[in-house]
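# Commentary on secondary and tertiary structure
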Amino acid sequence: SSGINAEYGDSSAILQSGGECVRACLAQGFQQVSTLNINGVTGMEYTMQLIAKMLDPDVSEYGALYSGRLVSSLIKHAGTALNINEILQAVLNKLAKCETPTIQQSLLVVFIKLFNHDLEGSMSFLQSINTPSGENGLVFVLKSWCEIQEIFTGEYETKVAVIALTKFLPHLLSSDSPLSQIMVSDEEMALEGGRITRSNKTTQGPVMIPITVKIFKILVQEFGNVLEEMEAERNGGLSDDEDDIEEEEEEDEGGAEFVSIAQIAHLLADDDDEDEDNKDDPLNDVDLHSHLQQFLTQLSTHNSYNQLCQALNENEKTVLNSLQVSAGQNNANMR
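None of the values given here were measured: they were computed from a predicted structure. (Residues numbered from 1 in each chain as written. Predicted model: local features only at pLDDT ≥ 70, side-chain atom pairs only at ≥ 80, totals over all residues. Heavy atoms only, no water.)

On to the packing of helix 9 (residues 211-235) against helix 12 (residues 288-299), then. Geometry of a packed helix pair, given as the angle between the helix axes and the separation of the axes. Two numbers describe how helix 9 lies on helix 12: the axes approach to 10 Å, and their chain directions differ by 140 degrees. The angle between helix 9 and helix 12 falls in the class oblique. For helix 9 against helix 12, the interelement crossing comes out left-handed. Of the residues in helix 12, those touching helix 9 at Phe216, Leu219, Val220, Glu222, Phe223, Val226, Leu227 and Met230 are Leu288, His289, Leu292, Gln293, Phe295, Leu296 and Leu299. The residue makeup of the contact of helix 9 with helix 12, split by class, is 12 nonpolar, two polar and one charged. (Axes fitted to C-alpha atoms, helices over the stretch in contact; angles between N-to-C directions. Helix = DSSP H or I, 4+ residues; strand = E, 2+ residues; numbered from the N terminus. Parallel < 35°, antiparallel > 145°, perpendicular 65-115°, else oblique. Left-handed = near helix turned anticlockwise from the far one by under 90°. Contact = heavy atoms within 4.5 Å. Nonpolar A, V, L, I, M, F, W, Y, C, P; charged D, E, K, R; others polar.)

Structure below.
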């Protein structure tokens, strides 16, 4: 495109820096960007050209590291002035090509924010589009999200994702939608030494479970993470994950060219806390401990609760017991 220099346009570093620069301009002065006109090309047109380049399926996925944030910022500030359907299709197409969890997270959060804003409308739109391989958009997003939620980074993005899951689970449990029949892997993922580790994998491959069970397990695990963070704060120390990252940074000070997944995650987590676009989001005021405590306690009265609990491991059952809600109690129907 005329706005993105062909000689340098495929450089991931340039796309990352350019995306963050434009996002900062949108956050601080959207009106100036929208009225900008250079040789007949508007600021919005330049922004759209940059997004198209970052989301181009043929461009390195590392160039899309910050693309999700830029898209979310543009949607927030421009709103109905955009052809949002075309942009979201491009986000879905890029997500389908990405293999790095931190970049998948950046793209998934675009949809997650929309789910929190309008669950039914966003679900309806994604159900109406497909990935390049023909898989339904909503099914693909839900599967991809559940696969990597456990290794989401950044306090804000983790929080908005968890809150969205607490909206999704009651919807899936109360509807006759075929979405509740989606099967996802029961593998647990973690970042260890910059590498992704997986558990619950057999020689025949990962065990598959219904998405409702997977979301329930994720929410229990996230509540456990919140409890661990609260305990660490009371003790005045770092969590195990933070210790691991600090140790890794000390070991990697030799200047190696390889950038680990954990380093990218740490970078995104730092930026996440300073994001101007997120500071006025009402979800920032949600206390995740109270939110999950109330949600899981209420869920224990649902008629599917016993069945959900059957898939929990011992650690997850211990987390529920901390709520004084046994893994298997069932009192009444949750509405």
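Here we take up the nonpolar core. If you look at the biggest cluster of nonpolar residues, it comprises 87 residues, and the most contacted ones within it are Ile112, Phe115, Trp145, Phe168, Phe216 and Leu320. Sort the elements by how many residues they give to this core and helix 8 (residues 155-174) lands first, with 11 residues. Setting aside anything within four residues of it in sequence, one finds Phe168 in contact with Phe115, Leu119, Met123, Leu138, Leu142 and Trp145. (Core = buried A, V, L, I, M, F, W, Y, C linked by side-chain atoms within 4.5 Å. Buried < 20%, exposed > 50% of the residue type's maximum accessible area, 1.4 Å probe, protein only.)

Counted according to the given criterion, the structure contains four aromatic pairs. When the centroid spacing of 5.9 Å and the interplanar angle of 10 degrees are considered together, the rings of Phe115 and Trp145 count as stacked. Here Phe115, found in helix 5 (residues 101-117), pairs with Trp145, found in helix 7 (residues 137-148); they are 30 residues apart in sequence, far enough to count as distant. Accessibility assignment for this pair places Phe115 and Trp145 in one class, buried. Measuring from ring centre to ring centre gives 5.8 Å for Trp145 and Phe168, while their planes differ by 80 degrees; the resulting arrangement is edge-to-face. Note that Trp145 is positioned in helix 7 and Phe168 in helix 8, a separation of 23 residues in sequence. Accessibility assignment for this pair places Trp145 and Phe168 in one class, buried. Connected via pairs of aromatic rings, a cluster forms that spans Phe115, Trp145 and Phe168. (Phe/Tyr/Trp six-rings, centres within 6.5 Å; stacked < 30°, edge-to-face > 60°.)

Along the chain, Ser67 falls in helix 3 (residues 67-78). The buried category is assigned to Ser67, whose relative accessible area is 1%.

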